[in-house]
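Overview (structure and organization)
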Amino acid sequence: MKITCIGAGYVGGPTMAMIANKCPDIEVTVVDVNEARIAAWNDPDLSKLPVFEPQLDEVVAEARGRNLFFSTEVDTAIREADIIFISVNTPTKTYGAGAGQAADLKWVERCARQIAELVEKDIIIVEKSTVPIRTAAMIKSVLRAVGKGDRVKVLSNPEFLAEGTAVADLSNPDRVLIGGEDETAIETLVSVYAHWVPREKILTTNLWSSELSKLTANAFLAQRVSSINSISALCEETGADVNEVARAVGTDSRIGPKFLKASVGFGGSCFQKDILNLTYLCDYFGLPEVANYWKSVIELNDWQKGRFAQKIIATLFNTIAEKKIGILGFAFKKNTNDTRESAAISVCRDLLIERAHLAIYDPQVSLDQIIRDLEGVGISDAAERAANGEITKVASPLEAAESAHALAVLTEWDEFTSLPYQEIFDHMLKPACLFDGRNILDAKAATEVGFEIYSIGRGRSLDGEWQVR
Ligand code: NAD
Ligand code: UGA
């Protein structure tokens, strides 16, 4: 059996590497129009893979060249495949009808047209990208229009991996979801996953349930983060500790402990995009109340990001122009080099609007990426400010702290859980402030060396006396 995957991104690359790794009898080719990306997937130096994920290098190393191939020969790979996964980007539309809300499906449709033109045998198309409900109907129409509607079966098989834990999620998924109408096609795809996933974890549904389940799952996850973040603000006003509240609430087995970590705000390429997509669909189908319900999850998240930046500005006496602020973490979560929709982008933008000088430390994100991200949110002179030394990428938390007024933790990288507080404090200007957007710092140790610390959702001082900050 030959599998082709169109799209060698954060999903296509790791997902196909896992399939190839677990199914030595299947030849897997991942294709992309992005030559640099394919070259990086083929780089003999595994530290240069385009996606940083723990253990991904080992998974790729075992299969690459054996039954896993990365190529820019899209047409050839389409012609030869028995199963084609479409794993291309589906970002929020930036133009025309539905701009800022609907998913842009032009890349998915392009793939469907390319397959329709090239395919000459019975194949299965698998929607791996996250798509609005009824996208499979569009793909089928494109194939029917060229008389290939009967030869090609379309399945929905959304991906639930999270970045940073992709390898673990793929090798031991909570479930694999396959939606379709044709039992033989469904069974063929089930047999691929059954190489390593227990059958009872492979759920099969109709096409539309599968497509909608993906959007719904992301909406529910994001909603939990916004829910606990909303409570974090109330904690700060009242003296409750959001960690304690989350633990108390999460030990109820009906609620569960996961996804209750208060933070500076959720980021990532999908939560916001998928909720916007869901709200667009609800509006489209005449359900504005449902759309508004989900919209509030994003509004709360935007508010939380802005609230954190305002807390920094207010604490530094409402004037941060030319003050150095160290930023610890720029990725949207730990263990990834991905910055898409990272809360750090929005917090840094707010600080840069006030003309702060930022020294940014992140173990995986480059200065070029940071500049691109800041330009994307309106800091049009980000490159110039970097050239002037107003935005720098530094090599350690200590360097970020050097002569800084404040340090802000925006990503929960493990190394930030054991900072040398005394040394950092000694290198900073006084008063030295810590802003913990992830609740990972040791507030007691930091306070003892003299820091003023603000942690999300924790208004209470360490001696138990409630402080209003
Ligand atoms: P990505 O942008 O990292 O990768 C998509 C790739 O597709 C790009 O490299 C692009 O060059 C390529 N591409 C686009 N059109 C092409 C074409 N016609 N021919 C060949 N290559 C083409 O995106 P991603 O993060 O991998 O996400 C892909 C899809 O998976 C999205 O729909 C996303 O919502 C979904 N998803 C992402 C994640 C995640 O963790 N990133 C998790 C689950 C689902
Ligand atoms: C999320 C989902 O978890 C995946 O199941 C899904 O496949 C993926 O989106 C997708 O469709 O792209 P991902 O965005 O990679 O995965 O990462 P998450 O672990 O979900 O974190 C998302 C954001 O929420 C991060 O910024 C994270 O820091 C934040 N978060 C998460 C919190 O602030 N608190 C929490 O308790 C959990």
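Up top you'll find the structure we're talking about.
**Overview of the overall build of the protein**
Helices and strands together make up the secondary structure of the protein, namely 18 helices and 14 strands. Relative to the compact-globule value of 23 Å for 469 residues, the protein shows a C-alpha radius of gyration of 24 Å, a close match. Dimensions of the protein along its principal axes, counting C-alpha atoms only, are 70 × 50 × 45 Å. With an accessible surface of roughly 20,100 Å², the protein has 51% of that area assigned to carbon and sulfur atoms. Here the protein contributes 49 positively and 66 negatively charged side chains, and the mean placements of these two sets differ by 3 Å.

**What about the site of ligand 2?**
Among the 20 residues in the neighbourhood of ligand 2, the closest are listed as F160, L161, S263, C270 and R438. In this structure, S263 approaches ligand 2 through a side-chain N or O atom, which is 2.6 Å from an oxygen atom. With respect to ligand 2, the side chain of K333 contributes an N or O atom lying 2.8 Å from an oxygen atom. Compared with its free state, where it exposes 700 Å², ligand 2 has 90% of that area covered by protein. Here the residues of the shell around ligand 2 are counted per class, giving eleven nonpolar, three polar and six charged.

**Concerning the packing of helix α1 (residues 12-22) against helix α3 (residues 56-63)**
For any two helices packed against each other, the geometry is given by the interaxial angle and the distance between the axes. Packing of α1 against α3 leaves a shortest axis separation of 9 Å and a crossing angle of 50°. When the axes of α1 and α3 are compared, the pair comes out oblique. Two packed elements cross with a definite hand, and for α1 against α3 that hand is left-handed. Along the contact surface, α1 presents P14, A17, M18, A20 and N21, while α3 presents L56, V59, V60, E62 and A63. Partitioning the contact of α1 with α3 into residue classes produces eight nonpolar, one polar and one charged.

**Thoughts on the packing of helix α12 (residues 288-315) against helix α13 (residues 343-353)**
For the pair α12 and α13, the least separation of the axes is 9 Å and the interaxial angle reads 40°. Considering their axes alone, α12 and α13 lie oblique with respect to each other. When the axes of α12 and α13 are compared, the crossing they make is right-handed. Across the interface between the two elements, K305, G306, F308, A309, I312 and I313 of α12 pack against A343, S346, V347, D350 and L351 of α13.

Criteria and cut-off values
Residues numbered from 1 in each chain as written. Chains lettered and ligands numbered in written order. Predicted model: local features only at pLDDT ≥ 70, side-chain atom pairs only at ≥ 80, totals over all residues. Heavy atoms only, no water. Helix = DSSP H or I, 4+ residues; strand = E, 2+ residues; numbered from the N terminus. Rg over C-alpha atoms; globule rule 2.2 N^0.38 Å. Areas by Shrake-Rupley, 256 points an atom, 1.4 Å probe, with all protein chains shown as cover. Lys, Arg positive; Asp, Glu negative; His and termini not counted. Charge placed at Lys NZ, Arg CZ, Asp CG, Glu CD. Near = heavy atom within 4 Å. Polar contact = N/O pair within 3.5 Å; in protein donor to acceptor, adjacent residues only side chain to side chain. Nonpolar A, V, L, I, M, F, W, Y, C, P; charged D, E, K, R; others polar. Axes fitted to C-alpha atoms, helices over the stretch in contact; angles between N-to-C directions. Parallel < 35°, antiparallel > 145°, perpendicular 65-115°, else oblique. Left-handed = near helix turned anticlockwise from the far one by under 90°. Contact = heavy atoms within 4.5 Å.

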